[in-house]
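# Structural characterization, general
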Amino acid sequence: MIYNDYRFHVPESKIVRVITDTDAKNEADDQFCVVQTLLSPKLDNRGFIGAHFGTRVPDAMERSYHELETIFDKMQFPKEGMIFHGAPHALPDKNTPVDSEGARLIIQEAMKDDPRPLFVTFLGPLTDMASALLMEPRIASRLTVIWIGGAPYPQGGSEFNMGNDVTAANVVFRSKVPVWQVPKNVYEMMAVSLAELEYRVRPCGAIGAYLCDQLNDHAHEPEPAASDFRTGETWVLGDSPAVGLILYEHRFDYEWISAPHVQPDGCYVQDCPGNRPIRVYKHVDSRLILEDMYAKLALFHSRHPER
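Now for a look at the structure at hand.

What counts, and where the lines are drawn
Residues numbered from 1 in each chain as written. Predicted model: local features only at pLDDT ≥ 70, side-chain atom pairs only at ≥ 80, totals over all residues. Heavy atoms only, no water. Axes fitted to C-alpha atoms, helices over the stretch in contact; angles between N-to-C directions. Helix = DSSP H or I, 4+ residues; strand = E, 2+ residues; numbered from the N terminus. Parallel < 35°, antiparallel > 145°, perpendicular 65-115°, else oblique. Left-handed = near helix turned anticlockwise from the far one by under 90°. Contact = heavy atoms within 4.5 Å. Nonpolar A, V, L, I, M, F, W, Y, C, P; charged D, E, K, R; others polar. Phe/Tyr/Trp six-rings, centres within 6.5 Å; stacked < 30°, edge-to-face > 60°. Buried < 20%, exposed > 50% of the residue type's maximum accessible area, 1.4 Å probe, protein only. Lys NZ or Arg CZ within 6 Å of the ring centre and 35° of its normal.

Moving on: the packing of helix α1 (residues 30-38) against helix α2 (residues 60-75). Packed helices, taken two at a time, are described by the angle between their axes plus the distance between the axes. Contact geometry for α1 and α2: axes closest at 11 Å, N-to-C directions at 50 degrees. One element, α1, and the other, α2, form an angle in the oblique class. Handedness of the crossing formed by α1 with α2: right-handed. Taken together, the residues of α2 that come into contact with α1 (itself represented by Q31, V34, V35 and L38) are E67, L68, I71, F72 and M75. Residues that form the contact of α1 with α2 fall into these classes: seven nonpolar, one polar and one charged.

Below, the structure written as structure tokens:
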């Protein structure tokens, strides 16, 4: 699915295939990334996968799946063949996949005879990617993973997305699949103010109002685990680099680092024999990514004021 209601046109040779794997109901920033992904004409969206977000919510994956349905409904986009269930829980061990619609979608799309690059973006844990690799190792050379997750290098440590499936991260890191990692110190660069969102996003129809309302509601939930990043008037749209790096890959803002082994506490053990280098970002252009989202939302609303 390609949304292309713009006066500019993306050259056919620049269009890429994208699958988005998101723990959309965990927090309030995934939704912004999903909307920007849907509105970007460079992307041929092949599917959106609802992901789990740990064990504190027993039906986490189902909640993410239904959140994707809500976003599609608000934008009046067709849902059929576009939204898939991911794994309901983390990998049980490093050799056992969790079979799911999402893992099978990744395999199916990767094995297609399609010359266009395939990116699979992960806004939560890497469970579905690890499962797909365990189920069909041949896909490793046929796609690129962009992952929002992991603590800063070189030491690593506690980080939410990594912590929800450390085993999956190790399966992906020890594979040969190309990985672009956006660790916590980099995705935290995507700070916004709530006034900024009210001014730039809320006026943009039903989806603009929903994005702001769900963030405001989440910001007031009595959840102690989130208290550290609730400052009252700001938020971090930390998942948005996943789509931003496909639009512009920030050629001079990453390092090649040998894929680490991740310990149970999230800390990295580097220089692992046999592990290949992965691309680890050290900076993202928040202005570019946020302004692109604001512009696409405003143009979408101007062309479809009824939505």
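Still more ground to cover, so stick around.
Scanning all chains against the criterion turns up 12 aromatic pairs. Between Y3 and F77 the ring centres are 5.9 Å apart and the planes differ by 35 degrees, which places this aromatic pair in the tilted class. Here Y3 is found in the segment before β1 (16-22), whereas its partner F77 is found in the loop between α2 and β3 (83-85), with 74 residues between them in sequence. Overall, Y3 belongs to the buried group, its relative accessible area being 10%. Centroid distance F48 to F72: 5.5 Å. Interplanar angle 80 degrees. Geometry classified as edge-to-face. Of this pair, F48 sits in strand β2 (residues 43-50) while F72 is found in helix α2, placing the two residues 24 residues apart along the sequence. For the pair F48 and F72, one class covers both residues: buried. Site record: aromatic cluster; members linked through ring pairs are Y3, Y6, F8, F77 and F300. Lying across the ring of W180, R279 places its NZ or CZ 4.0 Å from the centre. The ring centre of Y254 lies 4.0 Å from the NZ or CZ of R279, which sits over that ring.

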